Structure formats: structure tokens, C-alpha cells
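Single-letter residue listing:
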Amino acid sequence: MSLDTKTALLDAAERAARSRGFDGFSYADLAADVGIRKASVHHHFPSKAALSVALMKRYYSDLEAACAEIDAEWASGAGRLAALIDRYRGALDGGQRLCLCVSFSTSVESLSSDTVREMTRFRSMMLDWLAKTFARGKADGTIWQVENPAVEAAATLPLLEGAQLAARVAQDPTRFDEALALLSRRLGA
């Protein structure tokens, strides 16, 4: 029961953070969503800082696994990058949500240093994966005009995140597509 409640709390907190931001929900909101008392939330996560660290660690693991799945499914650099772009677009939920790391970034002043450290670790993992993807795309000729994979990665991650923000503000996923249009046109077979 304890693990199920903890998972339910993480799920509820992630939904709330992705749609309302870190500052947009309370433990009372989570307790009501999961159907437990507020004190029970504190039993699993003594502070909102502890909850946010747990959320970022889970998010890291989820995205690391998603990138491994993309690697297993797609041989080409372009295929891998397109699959990641699709994942970021899908996370928008019709313009109603953001990826967790993007959502947390909008409230960085409210986050604990441990949470910010987890966000930095997440971004480092994503930058490494993106650099490898651009290197593959350069080698196999499926991503055009790649000069430096690390520089491409450093530009692409904030592009994905900024495109999500633009789509969320407008509540229109086509804003995401418009922001990614130039990059998407560089993807070959």
C-alpha cells in the first residue's frame, strides 16, 4: 500500500506541476487528488523540496529509458531526433501541459538546491544524448549541416523547451511545430 500511495502522490504531483507549475499546487491539493489526509502526504514526502527531488529523479529515469527505447527503435540520427521531438510535442497534451523540467524551470526561485541539481543532471543527460544523436545524424547523413554535435545539442534542448513554453502560453501545439520547423526540415531519411 505504501508504495502505491507514494506512486499515486508522485503521479498527482507531476500532473499538477506540469499543468500549474511548482508553485501552483499544495499538499492539500495532492491529498484531495489521491484521497488521503494531508498528514499522509507529509509521511511520504516530508517537504515539497523532497517531493520535487523525487519527481526529478523519476523524470530522469523515465526520459533515460525513453531515449534508450528511441535508440533501439531508430537506427538513424534523424529518426532518433524526430522521435524525441514527437515526445516533447506529445508531452504538451494539446497545449495544456509542459514537461516537468520545463515547468520547474519557470519556478526556479522556489526550488531547493537539490532539485536544481537534479534538473542540471537531467539536462546534462539530455545534452549528451542529443550530441550523440547529432553525431550519428552527421555520420549517416540524415541530419543535414551538422558541424559540431555538442553545439547542436546545446541549441536544441532550449529550442525544445522554449517551443513548449510558447505552445503552452498560446494553448496551441502548432506553436511548437512552428518553432521546430527549421530543425525538422534538416532531418532526412
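Residues numbered from 1 in each chain as written. Predicted model: local features only at pLDDT ≥ 70, side-chain atom pairs only at ≥ 80, totals over all residues. Heavy atoms only, no water.

Participant: Which residues make up the overall build of the protein, and what values do they have?
Facilitator: Of regular secondary structure, the protein possesses nine helices and zero strands. Tracing the protein from N to C terminus, the helices and strands come up as α-α-α-α-α-α-α-α-α. In terms of overall dimensions, the protein is globule-like: its C-alpha atoms have a radius of gyration of 18 Å, near the 16 Å expected for 189 residues. Counting only C-alpha atoms, the protein reaches 55 × 30 × 30 Å along its principal axes. Looking at the protein residue by residue over its 189 residues, the buried ones come to 44%. Put simply, 70% of the contacts in the protein that link residues at least 6 apart link residues at least 24 apart. Total accessible area on the protein stands at roughly 9,200 Å², and carbon and sulfur atoms take up 54% of it. Across the protein, 23 positive and 24 negative side-chain charges occur, with their mean positions spaced 3 Å apart. (Helix = DSSP H or I, 4+ residues; strand = E, 2+ residues; numbered from the N terminus. Rg over C-alpha atoms; globule rule 2.2 N^0.38 Å. Buried < 20%, exposed > 50% of the residue type's maximum accessible area, 1.4 Å probe, protein only. Contact = heavy atoms within 4.5 Å. Areas by Shrake-Rupley, 256 points an atom, 1.4 Å probe, with all protein chains shown as cover. Lys, Arg positive; Asp, Glu negative; His and termini not counted. Charge placed at Lys NZ, Arg CZ, Asp CG, Glu CD.)

Participant: Give a detailed account of the packing of aromatic side chains, specifying residues and quantitative values.
Facilitator: Within the structure shown, the criterion is met by three aromatic pairs. Ring centres of Tyr59 and Phe122 lie 4.9 Å apart, and the angle between their planes is 40°; on these two criteria the pair is classed as tilted. Of this pair, Tyr59 sits in helix α4 (residues 48-73) while Phe122 sits in helix α7 (residues 113-140); the two residues are 63 residues apart in sequence, bridging distant segments of the chain. The exposure classification of Tyr59 matches that of Phe122, with both residues buried. Through a chain of ring-to-ring contacts, the aromatic side chains of Phe22, Phe25 and Phe104 assemble into a single cluster. In this arrangement the basic side chain of Lys48 is found over the ring face of Phe22, its NZ or CZ atom lying 4.5 Å from the centre. (Phe/Tyr/Trp six-rings, centres within 6.5 Å; stacked < 30°, edge-to-face > 60°. Lys NZ or Arg CZ within 6 Å of the ring centre and 35° of its normal.)

Participant: So what's going on with the side chain of Thr5? Which residues, and what values?
Facilitator: Counting through the fold element by element, Thr5 comes out in helix α1 (residues 2-20). Residues within four places of Thr5 in sequence aside, it is in contact with Ile36 and His44.

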